[in-house]
Amino acid sequence: MRRPSGLWGLPRPGRGCLPVLRRNFLVWRKTALTTVLGDVMDPMVALLALGYGLGSLLPGIDGVPYVTFLAAGSICMGALYAATFEATYSAFSRLHIQHSWDAMLNTPLSLDDVVFAEILWAAAKSLKSGLAILLVVLALDISRAPTLAWIPLLLVLLGVTFASLALVMSALAKGFDFFMYYFTLGVTPMVFLSGVFFPVAQLPEALVQVARIAPLAPAIELVRPLVLGRLPEHAWMHVLQLAATAAVATWLATALMRRRLLR
């Protein structure tokens, strides 16, 4: 195993990420059909029940049908949950239960390679989930806007951001129960405060400011206009916020994993 230059130094992943990604893909391929069906059915049920069922009882939001408003939030929420579950429960299982990390670290791979590969793999799962919801949006004719073509590119950035944040939790966790704190105190409030189900402007001003800090809020600010057929305003600011969050979280996850495994 190649040693990093310092515990808190910048991540230095190399091509060693590729065999780790290939290993994770080969394992996932055995259950691919089941997971893909779940990615499609879950958002379809949610959009039918909330978008059409509840939405039929609600007026449009700023002239937009509720199901269309909800579709954008569902894409981002699906990406968030897919990346978070993969980088917490699945990554922690490979780290502590299956001991896959131990096996890989007894090869020429570095810890930075493994950490970065885990983030990329969780981002790939996030992209898959987001694309599945996007296909549902197209299949149900919720939106056919040409600007939808930009969403897959954004999903890559969203996946890396959400995955790196979740891997920080895996680096701190002592057991699976620890992740309930992250979901209860982090993920769930972020979903309800960031504009998935209703406009953020409906919240008290103090909560609006909190919501804007959470990475899900800029994600929705980028995706929702694309679903509605227009380009987002101040897109560079939202992209910069997500990229900065991903960079800091990747560095922190790498440093914490070094402290945990190499001390």
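Placed above this text is the structure.
Notes on the structure follow.

Here is what the cut-offs are and how they apply
- Residues numbered from 1 in each chain as written.
- Predicted model: local features only at pLDDT ≥ 70, side-chain atom pairs only at ≥ 80, totals over all residues.
- Heavy atoms only, no water.
- Helix = DSSP H or I, 4+ residues; strand = E, 2+ residues; numbered from the N terminus.
- Rg over C-alpha atoms; globule rule 2.2 N^0.38 Å.
- Buried < 20%, exposed > 50% of the residue type's maximum accessible area, 1.4 Å probe, protein only.
- Contact = heavy atoms within 4.5 Å.
- Areas by Shrake-Rupley, 256 points an atom, 1.4 Å probe, with all protein chains shown as cover.
- Lys, Arg positive; Asp, Glu negative; His and termini not counted.
- Charge placed at Lys NZ, Arg CZ, Asp CG, Glu CD.
- Patch = residues over 30% accessible without salt bridge, like charges linked within 9 Å, V, L, I, M, F, W, Y side chains within 5 Å.
- Salt bridge = Lys/Arg side-chain N within 4 Å of Asp/Glu carboxyl O.
- Core = buried A, V, L, I, M, F, W, Y, C linked by side-chain atoms within 4.5 Å.
- Expected span 1.5 Å × (residues − 1).
- Axes fitted to C-alpha atoms, helices over the stretch in contact; angles between N-to-C directions.
- Parallel < 35°, antiparallel > 145°, perpendicular 65-115°, else oblique.
- Left-handed = near helix turned anticlockwise from the far one by under 90°.
- Phe/Tyr/Trp six-rings, centres within 6.5 Å; stacked < 30°, edge-to-face > 60°.
- Nonpolar A, V, L, I, M, F, W, Y, C, P; charged D, E, K, R; others polar.

For the protein, the count of helices and strands is ten helices and zero strands. The order of helices and strands in the protein, counted from the N terminus, is α-α-α-α-α-α-α-α-α-α. Taking 263 residues into account, the globule formula puts the C-alpha radius of gyration at 18 Å, and the protein, at 19 Å, falls close to it. In terms of its C-alpha atoms, the protein occupies a principal-axis envelope of roughly 60 × 40 × 35 Å. Per-residue burial for the protein yields a buried fraction of 49% across its 263 residues. Taking as baseline every contact in the protein between residues at least 6 positions apart, the subset at least 24 positions apart corresponds to 80%. Accessible surface for the protein amounts to roughly 12,800 Å². Of this, 69% is attributable to carbon and sulfur atoms. Counting 20 positive and 13 negative side-chain charges, the protein places the averaged centre of each group 11 Å from the other.

This next bit is on a nonpolar patch on the surface. On the surface, Leu-50, Leu-54, Leu-57 and Leu-58 cluster together to form a nonpolar patch covering roughly 350 Å² of accessible area. You can see Leu-58 is positioned in the loop between α2 (32–54) and α3 (66–97).

Grouped together as the largest cluster of nonpolar side chains are 76 residues, with contacts concentrated most on Ile-75, Ile-151, Leu-216 and Val-223. It is α3 that provides the largest number of residues to this core, a total of 16 residues. Sequence-distant contacts of Leu-216, that is, excluding residues within four places in its chain, are made with Cys-76, Leu-80, Phe-162, Met-190, Val-191, Ser-194 and Val-196. By size, the runner-up hydrophobic cluster in this structure holds five residues, among which are Leu-193, Leu-203, Val-208 and Ala-211.

Relative to the 46 Å expected for 32 residues at 1.5 Å per residue, α3 spans 43 Å between its end C-alpha atoms, a close match to the ideal helical length. With 26 of 32 residues buried, α3 is to be regarded as a mostly interior element. Just past α3, the residue His-99 takes up positive phi, approximately 60 degrees.

As a packed pair, α3 and helix α9 (residues 216–227) sit with axes 9 Å apart at the nearest point and diverge in direction by 135 degrees. Between α3 and α9, the angle is such that the two are oblique. As for the relative orientation of α3 and α9, their crossing is right-handed in sense. Between α3, through Thr-68, Phe-69, Ala-72, Gly-73, Ile-75, Cys-76 and Leu-80, and α9, the contact on the second element is made entirely by Leu-216, Ala-219, Ile-220, Val-223, Arg-224 and Val-227.

Attention shifts here to the pattern of salt bridges. Overall, the coordinates contain five salt bridges when judged by the stated rule. Residue Glu-86 is joined to Lys-125 by a salt bridge in which the shortest nitrogen-to-oxygen separation is 2.9 Å. With Glu-86 in helix α3 and Lys-125 in helix α5 (residues 111–139), the pair connects residues that are 39 residues apart, well separated along the chain. Exposure remark for Glu-86: the relative accessible area of 6% places this residue in the buried category. The closest approach of N and O atoms between Arg-144 and Asp-141, which form a salt bridge, is 3.5 Å. A residue is classified by how much of its surface remains accessible, and Arg-144, at 55% relative accessible area, is exposed.

All right, on to the packing of aromatic side chains then. Applying the stated rule across the entire model yields 15 aromatic pairs. Relative to Phe-183, the ring of Phe-85 lies with its centre 4.9 Å away and its plane at 40 degrees, an arrangement referred to as tilted. Taken together, the residues Phe-85 in helix α3 and Phe-183 in helix α7 (residues 178–193) connect sequence positions 98 residues apart. Taking 6.1 Å as the distance between ring centres and 5 degrees as the angle between the ring planes, the aromatic pair formed by Tyr-89 and Phe-176 counts as stacked. Linking Tyr-89 in helix α3 with Phe-176 in the loop between α6 (151–172) and α7, this pair joins segments that are 87 residues apart in sequence. A relative accessible area of 25% places Tyr-89 in the partly exposed class.

Right, let's talk about the packing of helix α1 (residues 17–29) against α5 for a bit. The axes of two packed helices give the description: the angle between them and the distance between them. Where α1 contacts α5, the axes come no closer than 8 Å and their chain directions differ by 45 degrees. Compared by their axis directions, α1 and α5 come out oblique. In the packing of α1 onto α5, the handedness of the crossing is right-handed. From α1, Cys-17, Val-20, Leu-21, Asn-24, Phe-25 and Trp-28 reach across to α5, where they touch Asp-113, Val-114, Phe-116, Ala-117, Glu-118, Leu-120, Trp-121, Lys-125 and Lys-128. Each residue belonging to the contact of α1 with α5 can be placed in one class, and the counts come to ten nonpolar, one polar and four charged.

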